[in-house]
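Coordinate inspection notes
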Amino acid sequence: MPSPTRTGSHTQLTALAVTKSYNGRIVLDGVTCSLTTGERTGIIGENGSGKTTLLRLLAGREQPDQGEIVRRADGGIGYLAQDEALPPRLTVQEIIDRALSELRAVERQLRRLEAAMSDGDESGLAEYGDLLTVFELRGGYDADARVERALHGLGLARLRRDRTVGTLSGGEQVRLRLASLLSASPEVLLLDEPTNHLDDNALTWLEDHLRGRRGTTVAVSHDRVFLERTATGLLEVDADRRSVVRYGNGYAGYLAEKAAARRRWVQAYEGWRADLDRLREAAATTARQVAPGRPMKDGNKMAYDRAGGRVQQSLASRVRNAEERLHRLLADPVPPPPEPLRFAPSLRTGADRAHGTVLEAAGVAVTGRLGRTDLSLAAGGRLLITGPNGAGKSTLLKVLAGELTPDGGHLTRGGRIGHLPQEPAVGPPGRTLLDAFAYGRPGSPAEHVERLTALGLFAPDRFDVRVGSLSTGQRQRLTLARLLDEPADVLLLDEPTNHLSLALVEELETALAHYDGALVVVSHDRRLRERWAGARLSVSTAPNNPSRQGSSR
């Protein structure tokens, strides 16, 4: 058994030309990437792009259809699945003991070998050295203290060890799985959405813990704050190309490279257009030119005509060269870069745009789903709705949108409403992406193509794809495209940053900042909430007990 080490820098996880598909749908296509010792890597991308698939392949939980996964981690690989059911009859202590079972087994073997060597049997000396290295590498002497720190840091310090898993909430079970895994201290840690179900204190503790650990960490995450605080590099899984792109220097480096790539695109397009205009002008100008009208000398008409012919031939050759180069440019065009996302302006005009109430709810309630709620939103106002899961936030937005009739209370709407639901709905699965975008809207197919292309959310070669084969993130982009293209006085957005790539999330936030209508947002996104400058409404799970903070006027 080779002696593991944390010193130096070597590749621990490698994907070599890996392809993976499900039910005939390719998720990853020829992906190659590698992770070296001590890296803290975030895996990002929109929902359905293949992030979890890549992590499961790296963990050995799934096998690639083609290609190879190479793992080198003598200190062990630990994997936190996003959704994993714990045996309901096991106790909290048994779950912890199960996570530490390998480490305990190594410790027991060390004690046996120590006893044998104390009796003069040194045949196990080499094995003892290897096991001791593994034990120390995984912090075996600190395991019990690590359990206590993890349980305390993740908000489970008061959890009785004899409680059975079946009596714990879903969030407690997720945190128990995470605490157990961190206590085992594997050399390589693979985490799928580890920030789910954590409060602010637990998030801070986890971020500090991951920054301080010496091993390699790979985490699938949509949490921008978590990535900014922990990741030294990012792997972005591209749902459209089914590929993986690496970005260095953490989340800030990712944003900087995205901005630089856009600038390069703009420069390439402007250069292509400039070359096109120059060649067109050169061809047109040269074609208009004629032989110089110099006077004939010595009455030698034949020589004069020969010289004129050579000039004409030269001009014709130059025209042909310009036309050929023009043809090559047109055959390989640089597509125009999409304009930054921009919501269609509010339908309200003049003084109406800045004054008046566009939404007012007085005591609206839905039995079993939403307690009595009051709110008032002025034209151009901003309101962030927060609260725990199940408090009725999505229900409130459906009531405000007119999609759900409340059981009580009074509701007044003063303009056109645009609603982005939490789960994208794009119509029949056999409809094409372009048809789904155009459904119910005026305009010719060519106009719909032009509008969808201008948004830059999909490449034109995707327009004929059936919506039934789109990933969740792609369906969210389609729903967002329809919302961007349709004027509204009030936007109601339910978890708008869900499902999307992080670059698109940043762009969406900028678009919302420039939107001139009223805005109501439900969101758990930490970064969005940190940046929010408008009013807030906290919806409680207790019936009839929402609390209002700030003013929307």
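Residues numbered from 1 in each chain as written. Predicted model: local features only at pLDDT ≥ 70, side-chain atom pairs only at ≥ 80, totals over all residues. Heavy atoms only, no water.

The subject of this paragraph is the packing of helix H5 (residues 143–153) against helix H7 (residues 200–212). It is at 9 Å that the axes of H5 and H7 come closest, and there the two elements cross at 140°. Our classification of the angle between H5 and H7 gives oblique. Side by side, H5 and H7 meet where Arg149, Ala150 and Gly153 of the first sit next to Asn201, Ala202 and Trp205 of the second. Taken together, the residues of the contact of H5 with H7 break down into 3 nonpolar, 2 polar and 1 charged. (Axes fitted to C-alpha atoms, helices over the stretch in contact; angles between N-to-C directions. Helix = DSSP H or I, 4+ residues; strand = E, 2+ residues; numbered from the N terminus. Parallel < 35°, antiparallel > 145°, perpendicular 65-115°, else oblique. Contact = heavy atoms within 4.5 Å. Nonpolar A, V, L, I, M, F, W, Y, C, P; charged D, E, K, R; others polar.)

Our next topic: helix H12 (residues 393–401). Most of H12 sits inside the fold, with 7 of its 9 residues counted as buried. Backbone geometry just after H12 places Gly402 at a positive phi near 85°. (Buried < 20%, exposed > 50% of the residue type's maximum accessible area, 1.4 Å probe, protein only.)

Let us now look at the sheet that holds strand S1 (residues 11–22). Hydrogen bonds between backbone groups are what pair the strands of a sheet, and the pairing can be parallel or antiparallel. Across the sheet, which stays open at both edges, the 3 strands sit in the order S2-S1-S4 with antiparallel pairing between neighbours. Two strands in the sheet have a free side with no partner beyond their single neighbour: strand S2 (25–36) and strand S4 (66–71). Across the sheet, the mean angle separating the axes of adjacent strands is 15° when strand polarity is ignored. Two elements, S1 and S2, share 8 bridges in a ladder whose sense is antiparallel. Bridging across to S2, Leu13 finds its partner in Leu35. (Pairing = 2+ DSSP bridges.)

Turning our eyes to something else, we now look at empty space enclosed by the protein. Summed over all chains, the structure comprises 2 cavities of 30 Å³ or more. When its volume is computed, the largest cavity comes out at roughly 50 Å³. Arg40, Thr41, Gly42, Leu210, Thr217, Ala219, Phe226, Leu227, Thr230 and Ala231 are the residues that line the largest cavity. Mapped onto the lining of the largest cavity, the elements with two or more residues apiece are strand S3 (40–44), strand S7 (216–220) and helix H8 (224–230). (1 Å grid on protein atoms, 1.4 Å probe; cavity = no way out; pocket = protein on both sides within 12 Å on 5 of 7 lines; lining within 4 Å. Points joined across faces, edges and corners; volume = space filled by probe spheres on them.)

An order of S11-S10-S13 is seen for the 3 strands of this open sheet, with the pairing classed as antiparallel. If you trace the sheet from one side to the other, it starts and ends with strand S11 (370–378) and strand S13 (408–413), each paired once. With strand direction ignored, the average angle separating the axes of adjacent strands in the sheet is 10°.

As a packed pair, helix H3 (residues 101–118) and helix H4 (residues 125–137) sit with axes 10 Å apart at the nearest point and diverge in direction by 145°. Here H3 runs over H4; the crossing is left-handed. The residues of H4 that touch H3, namely those facing Leu103, Val106, Glu107, Gln109, Leu110, Leu113, Glu114 and Met117, are Leu125, Glu127, Tyr128, Leu131, Leu132 and Phe135. Classifying every residue of the contact of H3 with H4 gives 10 nonpolar, 1 polar and 3 charged. (Left-handed = near helix turned anticlockwise from the far one by under 90°.)

This brings us to the environment of Ser34. Its location among the elements puts Ser34 in strand S2. A relative accessible area of 29% places Ser34 in the partly exposed class. In this structure, the C-alpha to C-alpha distance between Ser34 and Gln12, residues 22 residues apart in sequence, is 7.6 Å. In this structure Ser34 touches Thr11, Leu13, Thr14, Glu39 and Arg246, once residues within four positions along its chain are discounted.

Taken as a whole and judged by the stated rule, the model has 5 aromatic pairs. Ring pairing ties together the aromatic residues Tyr247, Tyr251 and Tyr254, which thus form one cluster. (Phe/Tyr/Trp six-rings, centres within 6.5 Å; stacked < 30°, edge-to-face > 60°.)

Take the nonpolar core next. Leu176, Leu178, Leu191 and Leu234 are the most contacted members of the largest nonpolar core, which has 46 residues in total. Element by element, the count of residues in this core is highest for helix H6 (residues 170–184), at 6 residues. The contacts of Leu176, once residues within four sequence positions are left out, are Leu86, Val92, Ile95, Ile96, Leu151, Leu156 and Leu168. Counting residues in hydrophobic clusters, the runner-up holds 36 residues, among them Phe458, Leu483, Leu504 and Leu508. (Core = buried A, V, L, I, M, F, W, Y, C linked by side-chain atoms within 4.5 Å.)

With that out of the way, let us pick up unusual backbone geometry. The phi dihedral of Asn249 is positive, around 65°, even though this residue is not glycine. On the basis of relative accessibility, which here comes to 69%, the residue Asn249 falls in the exposed class. Its identity as a non-glycine residue notwithstanding, His499 has a phi of 75°, on the positive side. Note that His499 resides in the loop between strand S15 (490–494) and helix H16 (502–513).

This next bit is on the pattern of salt bridges. The tally for this structure, following the rule as stated, stands at 33 salt bridges. For the salt bridge of Glu207 with Arg229, the shortest nitrogen-to-oxygen distance reads 3.0 Å. Of this pair, Glu207 sits in helix H7 while Arg229 sits in helix H8; the two residues are 22 residues apart in sequence, bridging distant segments of the chain. Assessed through its relative accessible area of 1%, Glu207 is described here as buried. A salt bridge links Glu486 to Arg441; its shortest N-O distance comes to 3.6 Å. (Salt bridge = Lys/Arg side-chain N within 4 Å of Asp/Glu carboxyl O.)

Without other data, these values stay purely geometric and don't point to any function.
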